[in-house]
Amino acid sequence: QVQVVESGGGLVQAGSSLRLSCVASGLTFSPTAMAWFRQAPGKEREFVAAISERGIYYTDFVKGRFTISGDNAKTTEYLQMNSLKPEDTAVYYCGTGIPGRLTRQYDYTYWGQGTQVTVSS
């Protein structure tokens with residue numbers, strides 16, 4: 001049974017840091033990428049960052065503040081989030097798979113249930 005579990009979310013003040021973790025288990029294939037997406041209330045899920053065999057990618061609004069890391073097997077990943085802003089408030093989801101396009105959520109096979117990040121001003 002495949003499980004993808006995120007952890008590390010919470011309620012913090014603007015300017016604070018959080019570190020999200022994601023662990024995928026039970027996979028029957030070797031993923032080539034893991035990614036973080038987020039979804040704020042009333043908005044669509046959006047790409048945040050990905051780590052893959054092709055490299056590391058960030059969306060523009062987190063560059064310089066967030067750092068993604070993970071293991072070579074692409075079954076464990078982390079998202080270090082610094083200088084958090086209220087607009088970073090969202091549910092953060094971890095996805096894993098063999099995506100053709102790293103920024104497209106539908107390219108990832110498995111997802112976790114998400115972890116809530118709330119940043120107060």
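To be clear, the structure that these remarks concern was listed above.
Residues numbered from 1 in each chain as written. Predicted model: local features only at pLDDT ≥ 70, side-chain atom pairs only at ≥ 80, totals over all residues. Heavy atoms only, no water.

Engineer: It is not clear to me how the state of the cysteines should be interpreted in this structure. Could you clarify?
Structural biologist: Applying the stated criterion to the full structure yields one disulfide. Here Cys 22 engages in a disulfide with Cys 94; their sulfurs sit 2.0 Å apart. Where Cys 22 bonds to Cys 94 through sulfur, the torsion about that S-S bond is close to -75 degrees, and the disulfide is left-handed. Of the two residues, Cys 22 sits in strand 3 (residues 18-25) while Cys 94 sits in strand 9 (residues 90-97), which places them 72 residues apart along the sequence. (Disulfide = S-S within 2.5 Å. Helix = DSSP H or I, 4+ residues; strand = E, 2+ residues; numbered from the N terminus.)

Engineer: I would appreciate a short explanation of the side chain of Asp 88 in the present structure.
Structural biologist: Here Asp 88 lies in the loop between strand 8 (76-81) and strand 9. A relative accessible area of 1% places Asp 88 in the buried class. Of note is the side chain of Asp 88, whose polar atom sits 2.8 Å from the backbone nitrogen of Lys 85. (Buried < 20%, exposed > 50% of the residue type's maximum accessible area, 1.4 Å probe, protein only. Polar contact = N/O pair within 3.5 Å; in protein donor to acceptor, adjacent residues only side chain to side chain.)

Engineer: It is not clear to me how the pattern of salt bridges should be interpreted in this structure. Could you clarify?
Structural biologist: Two side chains with opposite charge may pair up if their charged atoms get near one another. As enumerated under the stated definition, the model contains five salt bridges in all. A salt bridge links Glu 46 to Arg 38; the nearest nitrogen and oxygen atoms lie 2.9 Å apart. The partner of Asp 107 in a salt bridge is Arg 104, and the shortest N-O contact between them spans 2.9 Å. Its relative accessible area of 17% is what places Asp 107 among the buried residues. (Salt bridge = Lys/Arg side-chain N within 4 Å of Asp/Glu carboxyl O.)

Engineer: Would you explain the nonpolar core in this entry?
Structural biologist: Within soluble globular proteins, side chains that are nonpolar tend to cluster in buried spots. Ranked by internal contacts, the top residues of the largest apolar core, which has 23 residues, are Trp 36, Val 48, Phe 66, Leu 79, Met 81 and Tyr 92. Listing elements by their share of this core, those giving two or more residues are strand 3, strand 4 (33-39), strand 5 (46-52), strand 7 (66-70), strand 8, strand 9 and strand 11 (115-120). Considering each element in turn, this core owes the most residues, four residues, to strand 3. Listed in part, the seven residues of the second largest apolar core include Ala 35, Phe 37, Phe 47 and Ala 50. (Core = buried A, V, L, I, M, F, W, Y, C linked by side-chain atoms within 4.5 Å.)

Engineer: Even after reading the chapter, I still don't get the pairing of strand 4, so can you show me in this structure?
Structural biologist: It is a general feature of regular strands that their side chains alternate between the two faces of the sheet. Where burial is concerned, most of strand 4 is hidden: six out of the seven residues are buried. Bridge count between strand 4 and strand 5: six bridges; the pairing is antiparallel. The partner of Phe 37 across the bridge, within strand 5, is Phe 47. Remark: six residues form the turn of the hairpin made by strand 4 and strand 5, two consecutive strands paired antiparallel; Gly 42 in that turn has positive phi of roughly 80 degrees. Inspection of the sheet shows strand 4 paired to strand 9 by seven bridges, in the antiparallel sense. Directly across from Trp 36, in strand 9, lies its bridge partner Cys 94. (Pairing = 2+ DSSP bridges.)

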